[in-house]
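# What the coordinates show
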Amino acid sequence: MDNARRLPWLLTSSAASHLGDGIGKVALPLLATTLTHDPVLIAGLSATQFLPWLLFAAVAGALVDRIDRRRAMVAANTARAAAVGVLAVLVATGGMTIWLVYLTALVIGTAETIADSAANALVPAVVGDGSLDAANSKLQACEIVGQTFLGGPIGSLAFALFAAFPFVLNSAGFAIAAAVLLGLTGTYRGRGEERPTRLRTELADGLRWLRGHRLLRRLVVVAGLLSLVSELAQAQLVLYALDDLRLSDAAFGFFAFVGGIGGLAGAGVTPRLVRAAGRRAVVVGGIVCCGAGFGGMGLVRSPVAGAALFGLFAAAVVAVNVVLATARHTLVPGELLGRVLGVWRTVVWGAIPLGALLGGLLTGALGSAARTFAGSGVAMLVIAAFAFGALRRFPLGDESDSARALMHRDP
């Protein structure tokens, strides 16, 4: 199968997976609010969903360098479909508690570490000689359309109709994602068929490689800080929408819908922005816009203005993510990609549960989620200033610049 025919299979699977994921990520916090309005417990749900990235991302990365990445995605999506299916049954029978919601989120998140790590590591093999910026933008678009543009509204409306309904749809999305990948023929092992070394040695190799690469080392620090600070507010989004903006359960999904429009726009324009301004400018400018979006959300009380500002944040963070993904795919050798990505996500996605818990505590101390959004926005502007200084020596411009500058490593 040639590269032109491979990418659509991956995109279709990703779209189905992200649609199911988007439905679940709206429905889970809505389900939690029927059981508690404690901001710390609500934040704890977000922390639980991302805790596996802190605990297992490095191991997951090493595993996807050992095994066929397509098969890993099929197995992980099948496991997620089964876990959410059990959740739907429990909701329908009235057997849910907040702790069972936590447990389900933990199981789903653990399978997600395999699915997402394998999908990301699969991109260069699927794209081949094609543009990584364009391919990563398309994958970001699939994520945005699935998780917010469609998944958010569908999840909230389905929850308003029948609490178990969104989880049935969520399970179906993961099952379809697994089935679609069966059409992607070929072998997608990270290192061919050679015998793997000890897992501990492989994990150390990935960490050592990342530590020795000055640019990626700085990028992972910037990404980790942005992840931590943005989650302070994002974990409180449901309380911000329901309590500060006075939206209904059903309207909450349409608030996220506007954010999806912004994210989709960000994915569409990022390749042109990179060509016009360079990757460093997109990263720094994107973080500034993220801060402006969340800071503004903390100051307004209009649902329309709040949703528009969330759209600005979504567009900006997607632009940053596209540049970071392309940097990883450009710089990291294919046989190490899973392990380096695992270390990266241990830091970046592992910061999310910490940020979520801190956000819950901050909201409890400040008295409203809106004030947490304002504080998060200010902190992002500080991160943008740090990124400007940390990345100023690296010309993150076109591919030729990247080939020369991005490969510079410490001796």
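The rules we used
- Residues numbered from 1 in each chain as written.
- Predicted model: local features only at pLDDT ≥ 70, side-chain atom pairs only at ≥ 80, totals over all residues.
- Heavy atoms only, no water.
- 1 Å grid on protein atoms, 1.4 Å probe; cavity = no way out; pocket = protein on both sides within 12 Å on 5 of 7 lines; lining within 4 Å.
- Points joined across faces, edges and corners; volume = space filled by probe spheres on them.
- Helix = DSSP H or I, 4+ residues; strand = E, 2+ residues; numbered from the N terminus.
- Nonpolar A, V, L, I, M, F, W, Y, C, P; charged D, E, K, R; others polar.
- Buried < 20%, exposed > 50% of the residue type's maximum accessible area, 1.4 Å probe, protein only.
- Salt bridge = Lys/Arg side-chain N within 4 Å of Asp/Glu carboxyl O.
- Domains from an automatic or database assignment.
- Contact = heavy atoms within 4.5 Å.
- Buried area = accessible area lost by both parts, 1.4 Å probe.
- Polar contact = N/O pair within 3.5 Å; in protein donor to acceptor, adjacent residues only side chain to side chain.
- Phe/Tyr/Trp six-rings, centres within 6.5 Å; stacked < 30°, edge-to-face > 60°.
- Lys NZ or Arg CZ within 6 Å of the ring centre and 35° of its normal.

Looking now at the layout of surface pockets. Here the largest pocket defines a volume of roughly 170 Å³. Lining the largest pocket are 14 residues, and of these Leu 273, Cys 289, Ala 315, Ala 316 and Ala 319 sit closest to its centre. Secondary structure elements with two or more residues in the lining of the largest pocket: helix H10 (249–277), helix H11 (279–297) and helix H12 (303–331). Sorting elements by how many residues they give to the lining of the largest pocket places H10 first, with six residues. Among the residues forming the lining of the largest pocket, the class breakdown is eleven nonpolar, three polar and no charged.

Attention shifts here to the environment of Arg 392. Position of Arg 392 among the secondary structure elements: in the loop between helix H15 (369–390) and helix H16 (399–405). For Arg 392, a relative accessible area of 55% puts it in the exposed group. In this structure, the C-alpha to C-alpha distance between Arg 392 and Ala 177, residues 215 residues apart in sequence, is 41 Å.

Our focus in this paragraph is the pattern of salt bridges. Within the structure shown, the criterion is met by two salt bridges. For Asp 21, the salt bridge is made with Lys 25, and the minimal N-O distance between the two is 3.4 Å. You can see Asp 21 and its partner Lys 25 sitting in helix H1 (residues 3–33), four residues apart, about one turn around the helix. Judged by relative accessible area, which is 28%, Lys 25 ranks as partly exposed. With a shortest N-O distance of 3.9 Å, Lys 25 and Glu 112 are connected by a salt bridge. Pair noted here: Lys 25 is in helix H1 and Glu 112 is in helix H4 (residues 98–127), with a separation of 87 residues, a long-range link.

A word on the domain arrangement of the protein. Partitioning the protein into structural domains gives domain 1 (1–189) and domain 2 (197–398). A C-alpha centroid distance of 19 Å is found between domain 1 and domain 2. The interface of domain 1 with domain 2 comprises 47 residues on the first partner and 57 residues on the second. Area buried by domain 1 at its contact with domain 2 is led by Asn 120, Asp 133 and Phe 149, which between them contribute 13% of it. In this structure, the connection of domain 1 to domain 2 is made through zero salt bridges. The interface formed by domain 1 and domain 2 holds four residue pairs in polar contact (both at pLDDT 80 or more) in total.

Time to look at empty space enclosed by the protein. On inspection of all chains with the given rule, the structure shows three cavities of 30 Å³ or more. By volume, the second largest cavity is sized at about 100 Å³. Residue lining of the second largest cavity: Asp 21, Gly 24, Lys 25, Leu 28, Gln 49, Ala 105, Ile 108, Gly 109, Glu 112, Asn 170 and Phe 174, and that is the complete set. Broken down by secondary-structure element, the contributors of at least two residues to the lining of the second largest cavity are H1, H4 and helix H6 (165–181).

To continue, consider the packing of aromatic side chains. Working definition: an aromatic ring pair is given by the centre-to-centre distance plus the angle between the planes. Applying the stated rule across the entire model yields six aromatic pairs. Considering the side-chain rings of Phe 294 and Phe 313, the 4.0 Å spacing of their centres and the 20 degrees angle between planes classify their relative orientation as stacked. In this pair, Phe 294 sits in helix H11 while Phe 313 sits in helix H12, placing the two residues 19 residues apart along the sequence. Under the relative-accessibility criterion, Phe 294 is labelled buried at 0%. Taken together, Tyr 240, Phe 294, Phe 310, Phe 313 and Phe 373 form an aromatic cluster joined through their ring pairs. Over the aromatic face of Trp 344 sits the side chain of Arg 328, whose NZ or CZ is 4.9 Å from the ring centroid.

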